[in-house]
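# Structural overview for review
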Number of protein chains: 2
Amino acid sequence: MAFEVKATIATFGGQLLKLSHESTSTKTPMAVSIYLPPAASTQKVPVLIFLSGLTCTPDNCSEKGFLAAAASKHGIAIIYPDTSPRGAGIAGEDEAYDFGTGAGFYVDATQAPWADNYNMYSYITSELPALFFGDAAPATNFSAKLDASRVSITGHSMGGHGALTLYLRNPGAYKSVSAFAPISNPSACPWGDKAFSGYLGADKEAWKAHDATHLVGSDVWKGKDLKALIDVGTGDNFYKQGQLLPENFEKAVKDAGVTGVTVRYQENYDHSYFFISTFAQDHVDHAAKYLL
Amino acid sequence: MAFEVKATIATFGGQLLKLSHESTSTKTPMAVSIYLPPAASTQKVPVLIFLSGLTCTPDNCSEKGFLAAAASKHGIAIIYPDTSPRGAGIAGEDEAYDFGTGAGFYVDATQAPWADNYNMYSYITSELPALFFGDAAPATNFSAKLDASRVSITGHSMGGHGALTLYLRNPGAYKSVSAFAPISNPSACPWGDKAFSGYLGADKEAWKAHDATHLVGSDVWKGKDLKALIDVGTGDNFYKQGQLLPENFEKAVKDAGVTGVTVRYQENYDHSYFFISTFAQDHVDHAAKYLL
């Protein structure tokens, strides 16, 4: 289904478009925003996808993440998807901040009652690219503005997990990856245990296909250059509580002989958008190295 | 009363401190935030005061304005005051978005029942400087980090009115002024008419002392260099509705032979923080010219 443009906002020399569409993946209306840099008015520009964290909508990062400032200069578009279906009508979907609404975890659920709607993996990897890069939405004409062959991915917290896992599961689909405070080993933390149990079931073998720490050790990545930048704040309470576990990911990287992974521990920074906005330029610059 | 530190947040290499104190001007607790750039850990830094618009708290601009990105590089602190007393207990104070709570208009009210609490002019020009630059709050020790002799002022909408009028009423107190979409001639617009009627009474002569378009024509400013930068978005609905009236201010500037006033009309930009954040660097750079 084509996009409906809900708002067009001038910002950083370009435009932020707030879009809505009926999703075939989630069987719900979905909100998604895109920042088009000034360069998009004269040429096809590369794309950086930002996957948000628990509870967030496309608005949080587009208002508080500050990625557009650097993307404007580089001539990179940013796509801000939502974090789950909303209003699917499943009993209990709104009961917790870390499961159901706002907490899709970028997987395709296999368990009832979630499997009909909670298909954020397919939504991000197939449906959205077809809508933005294909001819599905001729009125908005994004395919003429965006270069489907140059896409990178980043994200925050649950969205950092999303960025890393989508990147690792789809070699070649994205030019680079980065993450802010990612849930790096969801099979081994409370957030991931709850989400994967609910969406994927009790068999933990099925979880490994959505766990960056397991995926990076797979044959396809052994000895390869990951082109990854990860920032984690040492003042982040979720890091301290063992929800993020970036050290597990680092160990798996080392064990697999994977190169090109920079993990930075930023002193005193927390889990908020104050942390994201501070390092937003570094992450856009990182993507620009591989997109431009 | 000394500040209570409610939160310390690492951002853009420095710290955002969320503070609270009992105000003698408003006779209520007041929230105020300050961004300390990295340079403040080794030297006294100059200060830029950002006055926010209708409904805003110190959080809106500190989360979405991105002034800290440029202030970090220049080594400038930013003070984000609140826009009114909150919880003064006056009947009707919460009934409208444009009068009472969140709408102090940076005047000292002379009319009952507002005069006891709605004294934002004194709060910004006297009480806050004493707290930040004096020895009133030794525990937080701001006076050792901030240079009281180098202060500039800026603001948005109602806060743009505040920045311009506080600057014009206090020659020499601030090194420069700037404003995003300021209410430039409040005596002649619906917002100002409502606020000044309520706070200052029916006598419109009393309003002139709080109207930038009148103040800039006073003898003290005739022929002087104003060191002012003003941005207005042409897509701003409040501009289109005649709430801002920057052209009236421009005419008064011209009539008074005042120099050093740059007013820029930014095509398609609206009244939001997407507009502020886009031009935040320009406004911090403008202040830096006179502060550094």
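Residues numbered from 1 in each chain as written. Chains lettered and ligands numbered in written order. Predicted model: local features only at pLDDT ≥ 70, side-chain atom pairs only at ≥ 80, totals over all residues. Heavy atoms only, no water.

### Quick notes on the UniProt feature "active site" (unreviewed entry) in chain A
Residue and element names in this part refer to chain A. Within the UniProt annotation, "active site" (unreviewed entry) is assigned to Ser157, Asp236 and His271. Across 115 residues in sequence, these annotated residues keep their C-alpha atoms within 10.8 Å of one another, forming a single compact spot. Note that Ser157 resides in the loop between strand E6 (146–155) and helix H4 (158–169). Apart from residues no more than four positions distant in its own chain, Ser157 is found in contact with Gly53, Phe180, Ala181, Pro182, Ile183, Trp191 and His271. Here Asp236 lies in the loop between strand E8 (225–233) and helix H7 (237–240). (UniProt positions renumbered as here; feature names shortened; annotations may be inferred. Helix = DSSP H or I, 4+ residues; strand = E, 2+ residues; numbered from the N terminus. Contact = heavy atoms within 4.5 Å.)

### Topic: the relation of the copies chain A and chain B
You can overlay chain A on chain B at an RMSD of 0.0 Å; the transform is a turn of 180 degrees with a shift of 0.0 Å along its axis. Such values leave the two copies arranged in the relation of a two-fold axis. Identified as the residue of chain A closest to the rotation axis by C-alpha distance is Lys64 of chain A, at 2.6 Å. A share of 89% of interface residues in chain A that are also interface residues in chain B marks the association as one of identical surfaces. (Least-squares fit on C-alpha atoms with pLDDT ≥ 70 in both.)

### A closer look at the layout of surface pockets
Volume-wise, the largest pocket comes out at about 480 Å³. As for the largest pocket, its lining consists of 28 residues, and the residues nearest its centre are Phe66, Ala69 and Lys73 of chain A together with Ala69 and Gln281 of chain B. When contributions to the lining of the largest pocket are tallied by element, the ones reaching two or more residues are helix H2 (67–74) and helix H9 (273–291) of chain A together with helix H2 (67–74) and helix H9 (273–291) of chain B. When its residues are assigned to classes, the lining of the largest pocket shows 13 nonpolar, 11 polar and 4 charged. (1 Å grid on protein atoms, 1.4 Å probe; cavity = no way out; pocket = protein on both sides within 12 Å on 5 of 7 lines; lining within 4 Å. Points joined across faces, edges and corners; volume = space filled by probe spheres on them. Nonpolar A, V, L, I, M, F, W, Y, C, P; charged D, E, K, R; others polar.)

### What about the interface of chain A and chain B?
Facing the 18 residues of chain A at the interface are 18 residues of chain B. Taking both sides of the interface into account, the surface hidden between chain A and chain B amounts to around 1,700 Å²; carbon and sulfur atoms contribute 65%. Between Lys64 of chain A and Glu63 of chain B there is a salt bridge; the shortest N-O distance is 3.8 Å. Across the contact surface, chain A and chain B share 8 residue pairs in polar contact (both at pLDDT 80 or more). Elements supplying a minimum of two residues to the side of chain A that touches chain B: strand E1 (4–11), helix H1 (58–64) and H9 of chain A. (Buried area = accessible area lost by both parts, 1.4 Å probe. Salt bridge = Lys/Arg side-chain N within 4 Å of Asp/Glu carboxyl O. Polar contact = N/O pair within 3.5 Å; in protein donor to acceptor, adjacent residues only side chain to side chain.)

### Quick notes on the side chain of Ser25 of chain B
Residues and elements named next belong to chain B. One can find Ser25 in the loop between strand E2 (14–22) and strand E3 (29–36). Judged by relative accessible area, which is 10%, Ser25 ranks as buried. Excluding residues within four positions of it along the chain, Ser25 makes contact with Asp116, Asn117, Asn119, Ser122, Tyr123 and Glu127. (Buried < 20%, exposed > 50% of the residue type's maximum accessible area, 1.4 Å probe, protein only.)

### Observations regarding helix H4 (residues 158–169) of chain B
The end-to-end C-alpha distance of H4 of chain B is 16 Å, a good match for the 16 Å that 12 residues give at a rise of 1.5 Å each. Every buried residue of H4 of chain B is listed here: Met158, Gly159, Gly160, His161, Gly162, Ala163, Leu164, Thr165, Leu166, Tyr167 and Leu168 of chain B. (Expected span 1.5 Å × (residues − 1).)

### Describing the pattern of salt bridges
All names here are of chain A. Tallying each qualifying case throughout the model produces 26 salt bridges over all chains. Here Lys222 ties to Asp219 by a salt bridge, and the two come within 3.5 Å at their closest N and O atoms. Overall, Lys222 belongs to the partly exposed group, its relative accessible area being 43%. When salt bridges with common partners are traced through the structure, they connect Asp231, Arg264 and Asp282 into a single cluster.

### Description of empty space enclosed by the protein
Under the definition given, this model contains 3 cavities of 30 Å³ or more. Residue lining of the largest cavity: Phe274 and Ser277 of chain A together with Thr11, Phe12, Leu16, Tyr35, Ser62, Glu63, Phe66, Ala68 and Tyr80 of chain B, and that is the complete set. Taken together, the residues of the lining of the largest cavity break down into 7 nonpolar, 3 polar and 1 charged. Counted as a void, the second largest cavity has a volume near 50 Å³. For the lining of the second largest cavity, the element with the highest residue contribution is helix H3 (residues 120–133) of chain B, accounting for 5 residues. Each residue belonging to the lining of the second largest cavity can be placed in one class, and the counts come to 8 nonpolar, no polar and no charged.

### Looking at the packing of aromatic side chains
Residue and element names in this part refer to chain B. Enumeration over the complete set of coordinates arrives at 41 aromatic pairs over all chains. An angle of 90 degrees between the planes, with centres 5.2 Å apart, marks the rings of Trp114 and Tyr118 as edge-to-face. Accessibility classification places Trp114 together with Tyr118 in one group, the buried group. With a centroid separation of 5.5 Å and 20 degrees between ring planes, the pair formed by Tyr167 and Trp221 is classed as stacked. (Phe/Tyr/Trp six-rings, centres within 6.5 Å; stacked < 30°, edge-to-face > 60°.)

### Focus on the environment of Phe132 of chain B
All names here are of chain B. You can see Phe132 is positioned in helix H3. For Phe132 and Pro182, which are 50 residues apart along the polypeptide, the C-alpha to C-alpha distance reads 26 Å. Apart from residues no more than four positions distant in its own chain, Phe132 is found in contact with Phe3, Leu19, Val32, Ile34, Ile79, Phe142, Ser143 and Leu146.

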